[in-house]
Amino acid sequence: MPKIIGPWLAGLYDNDRSVSRAAQESLKQVFPSEEKLSNLWRLYLASIIVYSLDAITKETVNTLSDERTTSPDDAAAKHTRVLATALSLVTHIIDTVTAGDLEKHKTLLDGFLAEDKVWRLASHADAFVRRSVYKLLAAALIKSERSLDMKTISSNILASSLHIDQLGSAFDYAKAVALVTQHCPEVWTKYYSGSGKKSAWRRLCQFLKKGSRGSAPDYWSQVTTLLSHVPDTVFRAQSEDDGVAKQTEDATSLQFPILEAVHDGLCSKDEPRTNLPAAWTAYLDVAARVQSKLADKDATRSFNNEYLLPIVQHYIISSNEWSKWSIPKSHQSGLVLKPLLLLWQSSEALMQEAWCDVSAKIVEHIKTSLPEQSKGYARSQETISDESRRWYSLQASAIEENDSQSMRRVFVQTLVSELSVAIESLKTRNGKPYGAAATVVAALQLVPDLINDVAELNNLIIQFTRDDIPNLFLSPSAPYIFTLLGLVNDKVDVKQVYASGLKSLEEAPESVTKWNSLESVLSSDYVALADNDVISRVVDGYLDAALTGDSNGWRLVLSVIQNPAAPVSLVNGVYSTLIDAISTDSRMLAGIHGMLLLIQKGHRFLQVLVSSSDAPQLLSRLLYLADSPNEAVAQGAQSISAILEREMSSGKSSDQASRSRREIISTGLESPTADSLPIETLLRQARTLFEQAEDSNKAAVATAILPSETHWREALSPFFSSAPNPSLAITNPFGCAISIIESPPASPNKNMQSVPRDAAGFSAALRMLSYVTKLLSETNILPCCKEEDKSLICEKLTLTLQLAGDQLAVPSPNGLWDISLPNADIEVANIVTETQNLVAEWMHERPEFVKSAQQRLLEMCEGPSVTSYYNARAYSAMSVEMRELHGNVPAESETTILQRPSKSLGVGSLFQISALLTAASDLKRVTRLASEFLATLTGLDLQADYGEALRLLVLLNCLLYRQDDIVSTIPQQRIVFFTKHMVSQCQASSLADPIRTEIFRALVVALPYIKGIYGDFWEGIINIVPKVWSQLQGFTDSDIPLINASLRLLAVLKALATQDSNDDLQESWTDSVATFHGGLVALLKYMQGVSDLSHQPQMITNELLSRQLARMPTKTVPDPQGLYEVLASNSVALQLSAYRILHDYIPNSQEQISIDKALSKDYIARMPEELLSLILAAPSDEVLLEADFQRSTPAPLQSYLLSWKLVFDHWRGSSYSVQADYATALKDGEYLKNLLDFTFEHLITGRSRPVDPSKLEIMEFTPDQEDTPEKDLQYFLTHLYALSLICVPNLSKLWWRDSTSRQTMLAVESWTEKHISPLIIASELNAVSSWGPSQADAEQPLSVKVSTSTREVTASIPIDEQTMSIAIRLPSAYPLSRAVVESIHRVGVDERKWRNWIITTQGVINFSSEGNGGSLIEGLLAWRKNVTATLKGKFIHIFIPSPLRSFVASPLARERNEVQGHGSTMVRDAGQEDTFPETFELYYQTRLSR
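Treat the numbers as computed from the prediction; the structure is a model and nothing was measured. Within each chain, residues carry numbers counting from 1 in the order of the written sequence. It should be noted that, the model being predicted, local features are given only for residues of pLDDT at least 70 and side-chain atom pairs only at 80 or more, the latter also being counted only at that level, while totals for whole chains, interfaces and linings use all residues. The side-chain figures draw on all heavy atoms in the structure; neither hydrogens nor water molecules are used.

Peer 1: I would appreciate a short explanation of the overall build of the chain in the present structure.
Peer 2: Runs of H or I in DSSP of at least four residues are treated as helices and runs of E of at least two as strands, each being numbered from the N terminus. The helix and strand tally for the chain stands at 71 helices and 8 strands. Over its C-alpha atoms the chain spans a radius of gyration of 57 Å, topping by over 25% the 35 Å that the globule rule assigns to 1490 residues. Here the C-alpha coordinates of the chain stretch approximately 155 × 105 × 90 Å along the principal axes. Accessibility here uses a 1.4 Å probe with only protein chains present; expressed as a share of the type maximum, an area under 20% marks a residue as buried, one over 50% as exposed, and anything in between as partly exposed. Residues classed as buried in the chain amount to 52% of the 1490 residues present. Per-residue and other accessible areas follow the Shrake-Rupley method at a 1.4 Å probe size, with only the shown protein chains counted as cover for residues. Accessible surface, the chain as shown: approximately 65600 Å² in total, 49% of it carbon and sulfur. Radius of gyration here uses only the C-alpha atoms, and the compact-globule reference equals 2.2 Å multiplied by the residue count raised to the power 0.38.

See the structure below:
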């Protein structure tokens, strides 16, 4: 251990960090505690010293490194590290080891310190080694000074080291030299061995001139300590001409080299600026010592004039001549004061003289300052301003430090001349030399006591203020003038001066000078001294200008906001104006910009906003604007609101933040306007408020952020002022009880049109519904609510759901939301679903407060009011759900009410009893009541006692429509009596519709239970239904419940009649079928005029009617032609009903039309004009944009597409000639173009990617079978396009070829080739395959072979022992691309005639209008006729009389008509010459080339 301890510990001080870290970590592992480490140093102290001494005295560069493997630089670096660490070890021992332990090894330590080689390292080239030596010396001087040889120290530390470059070690060297000098000053004299150029003072000057060499500022404090202890003989040494040092007591005409060396050192360009304050302090301390050693006045004057006075002069008036006396600005005032006092105390006469000289220069600068037009004007004035402020600041500091009468007298003397000249300059030059104004202000601020002592100065300033300053408000001196007014407020009536000056300022034209002056007034610390009205008028004017686009106005407003001295009324005025601005569209953006600017740069304005009583309204407005479509407005509003919320939530403003948030929530819910905050914003505020609340306060916060009962009542009351739509009777369990509602009398003060709504069209009630639902769903607030609050919430949510459900079913212009706004009902439907889910969750998990809500609703059901009706419905809905979840648990109130006699039940409280009966738990009582109601009704005259009859029927139906199957428990005979009585009562035409509706509803449930009972009442029931339909006049919503009930009754009767029921029913049904069918068709026409898109009751009824019509045989439909008008209906269900009937009717009627066509050449088959009128034009873009494809296909579009489907139905079962007539009609009317344009706009061109119908059965289509209306539309359009290619291929091809867009043409061709052509080709080939076998036995046998893989048909005719053959090849894009006929084998005819046959066949195929393979068959028949005619000596061809030129020139749209419509078939002798084939061939080849 003694051998390794030295190197091990030496590693701690190595300047290689990796070595040092390794040494530290290894020592910590071996000696983990400080005590053990201390003992290590103590126990091995001798070994450490020996190691260190050996390392210094014995080790060399060559002994430490192998020169063969180590470079000279690396070897030298290693040696210096060994030396430095060895020195550091001994330094550590001296610093840390106790005196007792050191004494034990005194001899060894003294030997080390006496070693000359150790101290010779003080001038080593490496800074690390030098620092280690200097630290060792400092430690030795403090702990063991008697062990040092001062001669050795002087020789090595001073003589050998003062003059070398101490870069990297200057501070440690200065500290060591200072300590040596303190302990033994003789090292500079007695022990110093140098002389001449190596004399001590010369070496010392050499050291000082180099400055701190980058050391810390403390270097200069060490220099001060050093020079304060250096012997006078060295400190006062001076140079002679011969350069030999000479010491003398007389310093009169001598230089001061040490002081100059210090000055040179601090002025060195390498001296860090951070060291300059310490350096100048050292200089002044040294100068003070030098000055104290001077006994002669002349010498002192000379010294002061050369070494101290320039510091003061340069501080006041900067000059390049005195640049080396510049003191750092951050410490100027303190450092300059010391030489000033030294000068004043030692040379007062010199100081007075110099003071007056400086004052004269300042006065001269004021007088000769540059004019405003000069380029250096601003710099000249700023120089004067800076000089005067430094000048008076120094005077103030000097008086505070040494208030002598002589000094004060000199200051006053110069002050009078300076201020007199400054004021006169301002007067004569109209305030342009603002440096002079700055001089006056500086004097008033810094030396007011001096001015107050001189009456002359006081009077001068007062007179100047009163008489001249009002004229200087527009001058460049204005900023200083306003400050001056504040300083003389106690001497002059400043308000009068402000009034005069501001008046002239207001009247002045707009200019930069005016803006600067106003900005100076408003930013002045003394602005409050001005008349408030005048200032307010100025600020308001420029604020208004800023809001209209003048950005300069914000500068002036910002001056007020940033000025803490500005009156609060001014700031409040700015605030009020900006609040108004952000509420005005034309000034909104400017107002947002201005408010953000003022908040960011004026904290006072932010405090005004936060503490204002209007803060909630402001924050609410900003939160609303944060969602503005204007991006600039939205970003600005978001920034301001974020700043306000952050400020309100911090510190003392947290209560204000809570109040503001509560007010924002309350206002946003109770009083919606177009500017109301979105619900999401209110929710954010509520969540923040709840989350920031203390646990003990959460219940109170929950109550505060949820709507109160009063708020709910006020929000819902407008919707209880009118009765619900009567058609809603079919969607709620109370049926026609809706008809007895008594609407409250109209109030002149309440108008449904005036219900306040937000920008989305939501009323307060709907906003509350959405807000409460989302808040309770997204937060854990419900457990914190009081029980009564939970019950209230459940009650109001359920009640509001009933209103929302009714409006979703039947749109109302005066409902919870504005139905005119797009997509509002979709958003409301989502809200309703969320609320329903929330309430359902409560019913399942928290039934306690749900039951309390039920009880509250039940208590409010009494009476025939709208409110009672909706409360009853809400109770009924909740009760049914609760019974399903928790079983039959009768409530006490339910039992009490239902114990009343049946005759009195519902009297005056029909809704309450109806609600109880729909979900009553006492089944025994419920069953008995049903039986009693039937018995009572059986003997009641329904016409005479309308109210009683309706009450009993409603209550009966409430029981019959329960899910308990109550009817099965009632005696069958009682039901029969009831049925017979109801039938007899319904015979009267005057019976009210609500009564008949409720009777029908009751019979729907009751009849299945008496289906086996015979009687003539069945005929009466069956006759009632069409009779009711025949009595309908002028369709209204009040007809819907009766129609709906009658259709349901019809469905029940039909079902019973087709089952195993009694013969009376079946016979009556059979006899009345035709009547029913006629009645259904009449009802279809009766209901066609009103749209059911958003009318749920009507849609339900229409669909019910549609289902009945769908089951009706087409043959029994009277006058199907009259149903075309229904296709134009606004009801999709009714359109489909008419379509289904016509879809079956049209093909069946084609047989007779084809016969008529065959019997008469003049007969032209025509489509119904009503049908053609429906396909005149596709629906416009406006119609489609307004449509909601989420629900169903829009009625106009559905009508258009169904009409086209019916058009193509005319091809089913019709002859070729009839089809030609139909095709001609479509061509003449140009109908197809609109369809195909519309089709491909939606399938290809109007989409980023074409529709892919590969998974659809394109050739077969049934409307309304796809998942979404959009897919259904795509399927329908694809199907219609396929039909157009099949039924009218040539018209479709003409549309495609005439396409104006080549891109569209290529896209359609590619899409058709991929998705449609394969199906048509397969259909064509299948048709030929089916037809082919029948031709083998014909007079002229024809053999046909079909290849589906190659899309080819091969036809052969046997000629003797040979075969004549052709091939028909269909292209992949057929029928857009033409089929090609090619020769396979020619027999018995010449080449020319054979070619004519081929071309003729190809023409027949491509210009035929017959689909489903007809064109191929027609071509094959034409070819066979030519062959047969040739064999018989004849020739058949298609004759076209028009010249070829007219064909080429004619539009392509006429091509088919000219080839097919005007041609005729002619038969000629085989030998007769014919020029037509050539003509046709030439024409056809020309068309192909085109």
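Next comes the rest of the write-up.
Peer 1: What is the right way to read the side chain of Ser 52 from this model?
Peer 2: Tracing the sequence through the fold places Ser 52 in helix H4 (residues 45-57). Exposure remark for Ser 52: the relative accessible area of 0% places this residue in the buried category. In contact with Ser 52, not counting residues within four places along its chain, are Ala 86, Leu 89, Val 90 and Phe 112. Contacts are assigned to residue pairs with any non-hydrogen atoms lying within 4.5 Å of each other.

Peer 1: Would you take a moment to explain helix H31 (residues 552-562) for this structure?
Peer 2: For the α-helix, the turn length of 3.6 residues means that residues three or four positions removed from each other point alike. Taken across its 11 residues, H31 has 8 buried, putting it largely inside the fold. Those residues of H31 lying buried are Gly 553, Trp 554, Leu 556, Val 557, Leu 558, Ser 559, Val 560 and Ile 561. Tucked inside the fold, the buried residues of H31 contact helix H29 (512-523), helix H30 (532-547), helix H32 (568-581), helix H33 (588-601) and helix H34 (603-611).

Peer 1: How should the nonpolar core be read in this particular structure?
Peer 2: The definition of a nonpolar core used throughout is a set of buried Ala, Val, Leu, Ile, Met, Phe, Trp, Tyr and Cys residues joined through side-chain atoms within 4.5 Å. Ile 157, Trp 188, Phe 605, Tyr 771, Trp 842 and Trp 1204 are the most contacted members of the largest nonpolar core, which has 471 residues in total. Leaving out residues up to four positions away in the same chain, Trp 188 has contacts with Leu 158, Leu 162, Val 177, Thr 181, Ala 200, Leu 204, Leu 226, Val 230, Pro 231 and Val 234.

Peer 1: Is there a simple way to explain the pattern of salt bridges in this structure?
Peer 2: Between side chains of opposite charge, pairing is possible as soon as their charged atoms come close. One speaks of a salt bridge when a side-chain nitrogen belonging to Lys or Arg is within 4 Å of a carboxyl oxygen belonging to Asp or Glu. Using the criterion set out here, one finds 34 salt bridges in the structure. Across the pair Arg 928 and Glu 932 runs a salt bridge whose closest N-O atoms are separated by 2.5 Å. Taken together, the residues Arg 928 and Glu 932, both in helix H48 (residues 923-938) and 4 residues apart, mark about one turn of the helix. By relative accessible area, which is 39% here, Arg 928 ends up partly exposed. Given a relative accessible area of 23%, Glu 932 falls into the partly exposed group. A cluster of three or more residues bridged by salt bridges with shared partners is formed by Glu 709, Glu 795, Lys 796 and Arg 856.

Peer 1: What is the right way to look at H4 in this model?
Peer 2: An expected span of 1.5 Å times one less than the residue number is assigned to each helix. If you check H4, its first and last C-alpha atoms are 18 Å apart, about what 13 residues at 1.5 Å a residue would give, namely 18 Å. Taken as a whole, H4 has its buried residues at Leu 45, Ile 48, Ile 49, Ser 52, Ala 55 and Ile 56. Considered in projection along H4, the buried side chains sweep an arc of 130° and stay on one side of the axis. Residues of H4 that are buried sit in contact with helix H1 (5-10), helix H3 (34-43), helix H6 (72-96), helix H7 (99-104), helix H8 (106-114) and helix H9 (116-120). Think of the arc as the fan of directions from the helix axis to the C-beta atoms.

Peer 1: Looking at this model, I keep getting lost on a negative patch on the surface. Mind explaining?
Peer 2: A patch consists of residues whose relative accessible area exceeds 30% and which take part in no salt bridge; residues with like charges are grouped when within 9 Å of each other, and nonpolar side chains (Val, Leu, Ile, Met, Phe, Trp, Tyr) when within 5 Å. Only four residue types enter the charge count: Lys and Arg as positive, Asp and Glu as negative, with His and the chain ends excluded. A charged residue contributes its charge at one atom only: NZ of Lys, CZ of Arg, CG of Asp or CD of Glu. Judged by side-chain charge, Asp 1016, Glu 1019, Asp 1063, Glu 1067 and Asp 1071 come together as a negatively charged surface patch. Ranked by residues supplied to the negative patch, first place goes to helix H54 (residues 1063-1086) with 3 residues. Note on placement: Glu 1067 falls in helix H54.

Peer 1: Please explain the environment of Phe 720 as it appears in this structure.
Peer 2: When you line up the elements, Phe 720 lands in the loop between helix H40 (709-716) and helix H41 (764-778). Separated by 145 residues in the primary sequence, Phe 720 and Ser 865 have C-alpha atoms spaced 8.1 Å apart.

Peer 1: Could you clarify how one ought to interpret the side chain of Gln 985 in this entry?
Peer 2: Mapping Gln 985 onto the fold places it in helix H50 (residues 972-986). What qualifies as a polar contact is a pair of N or O atoms within 3.5 Å, subject to a donor-acceptor requirement within protein and to the restriction that residues adjacent in sequence count only when both atoms come from side chains. Separated by 3.1 Å, the side chain of Gln 985 and the backbone nitrogen of Leu 942 make a polar contact.

Peer 1: Sorry if this is basic, but what is going on with the pairing of strand S3 (residues 1343-1347) here?
Peer 2: Two elements, S3 and strand S4 (residues 1352-1359), share 5 bridges in a ladder whose sense is antiparallel. Within S4, the residue paired with Val 1346 across the bridge is Val 1353. Two strands form a pair only when DSSP identifies at least two bridges running between them. Hairpin connection, S3 to S4: the antiparallel pair is bridged by 4 residues, and Arg 1351 has positive phi, about 55°.

Peer 1: Looking at this structure, how should I read the confidence of the model for the chain?
Peer 2: Do not read the fine detail of predicted coordinates wherever pLDDT is low. Each residue gets a pLDDT score, which is the predictor's confidence in that residue and runs from 0 to 100. Averaged over every residue, the pLDDT of the chain is 83; the share at 70 or more is 91%. In this model, residues 747-752 is a region of pLDDT below 50 whose contacts with residues beyond four sequence positions or in other chains number 5 contacts.

Peer 1: Help me out: how do you make sense of the sheet that holds strand S5 (residues 1362-1369) in this one?
Peer 2: Taken together, the 4 strands give an open sheet; going across it, the order is S3-S4-S5-S6, and neighbouring strands pair in antiparallel fashion. On the outer flanks of this sheet lie S3 and strand S6 (1380-1385), each paired with one strand and no other. Between one strand axis and the next, the sheet turns through 20° on average, direction left out of account. Sheet topology note: the S4/S5 ladder contains 8 bridges and is antiparallel. If you follow Val 1353 over to S5, its bridge partner there is Ile 1368. Only the contacting stretch of a helix is used when fitting its axis, a line to C-alpha atoms as for every element, and angles between N-to-C directions run 0 to 180 degrees. Each of S3 and S4 is contacted by helix H66 (residues 1317-1331), which is oriented at about 150° to S3, the strand it contacts most. Taken strand by strand, helix H67 (residues 1391-1406) contacts S5 and S6, and its axis lies near 145° from that of S6.

Peer 1: Even after reading the chapter, I still don't get the packing of H48 against helix H49 (residues 946-960), so can you show me in this structure?
Peer 2: The description of two packed helices rests on the angle between their axes and on the distance between the axes. Across the interface, H48 lies against H49 with an axial gap of 10 Å and an inter-helix angle of 145°. Read as a crossing pair, H48 and H49 show a hand that is left-handed. Along the contact surface, H48 presents Val 926, Leu 929, Ala 930, Phe 933, Leu 934, Thr 936 and Leu 937, while H49 presents Ala 949, Leu 952, Leu 953, Leu 955, Leu 956 and Leu 959. Only Asp, Glu, Lys and Arg are considered charged, only Ala, Val, Leu, Ile, Met, Phe, Trp, Tyr, Cys and Pro nonpolar, and every remaining residue, Gly among them, polar. Here the residues of the contact of H48 with H49 sort into 12 nonpolar, 1 polar and no charged. When the near helix sits turned anticlockwise from the far one by under a right angle, the crossing is termed left-handed; a clockwise turn instead gives a right-handed crossing.

Peer 1: What is the right way to read the environment of Thr 85 from this model?
Peer 2: In this fold, Thr 85 is placed in helix H6. Once the C-alpha coordinates of Thr 85 and Leu 9 are considered, the two residues, 76 residues apart in sequence, prove to be 8.7 Å apart. Ignoring anything within four residues of it in the chain, the contact list for Thr 85 reads Ala 10, Tyr 13 and Asp 14.

Peer 1: Looking at this model, I keep getting lost on the packing of aromatic side chains. Mind explaining?
Peer 2: In this description, an aromatic ring pair is defined by two values, namely the gap between the centres and the angle between the planes. Planes of paired rings set the category: under 30 degrees apart is stacked, over 60 is edge-to-face and the rest tilted, where pairs are Phe, Tyr or Trp rings (Trp by its six-membered ring) whose centres lie within 6.5 Å. Scanning the model with the defined rule gives 41 aromatic pairs in all. Ring centres of Phe 256 and Phe 303 lie 5.3 Å apart, and the angle between their planes is 80°; this geometry places the pair in the edge-to-face category. Placement of Phe 256 in the loop between strand S2 (245-246) and helix H16 (257-266) and of Phe 303 in helix H18 (residues 297-307) is noted, with a sequence separation of 47 residues between them. In this structure, Arg 289 packs its charged tip against the face of Phe 235, placed 4.1 Å from the ring centre. Either the NZ atom of lysine or the CZ atom of arginine qualifies as a charge over a ring when it sits within 6 Å of the ring centre and within 35 degrees of the ring normal.

Peer 1: Hey, could you run me through the pairing of S5 in this one?
Peer 2: Side chains on a regular strand alternate between the two faces of the sheet. Connecting S4 to the antiparallel partner S5 that follows it, the hairpin turn spans 2 residues, and Asp 1360 within it adopts a positive phi of roughly 55°. As judged from the 5 bridges shared by S5 and S6, these two strands associate in the antiparallel manner. Counted as the bridge partner of Arg 1369 is Val 1380 from S6.

Peer 1: In this structure, what is going on with the packing of helix H52 (residues 1017-1030) against helix H53 (residues 1040-1057)? I would like to understand it.
Peer 2: Close contact between H52 and H53 brings their axes to 10 Å; oriented N to C, the two are set at 145°. Like other packed secondary-structure pairs, H52 and H53 cross with a definite hand, here left-handed. In this structure, H52 contributes Trp 1018, Ile 1021, Ile 1022, Val 1025, Val 1028 and Trp 1029 to the contact, and H53 contributes Leu 1042, Ser 1046, Leu 1047, Leu 1049, Leu 1050, Leu 1053 and Leu 1056.

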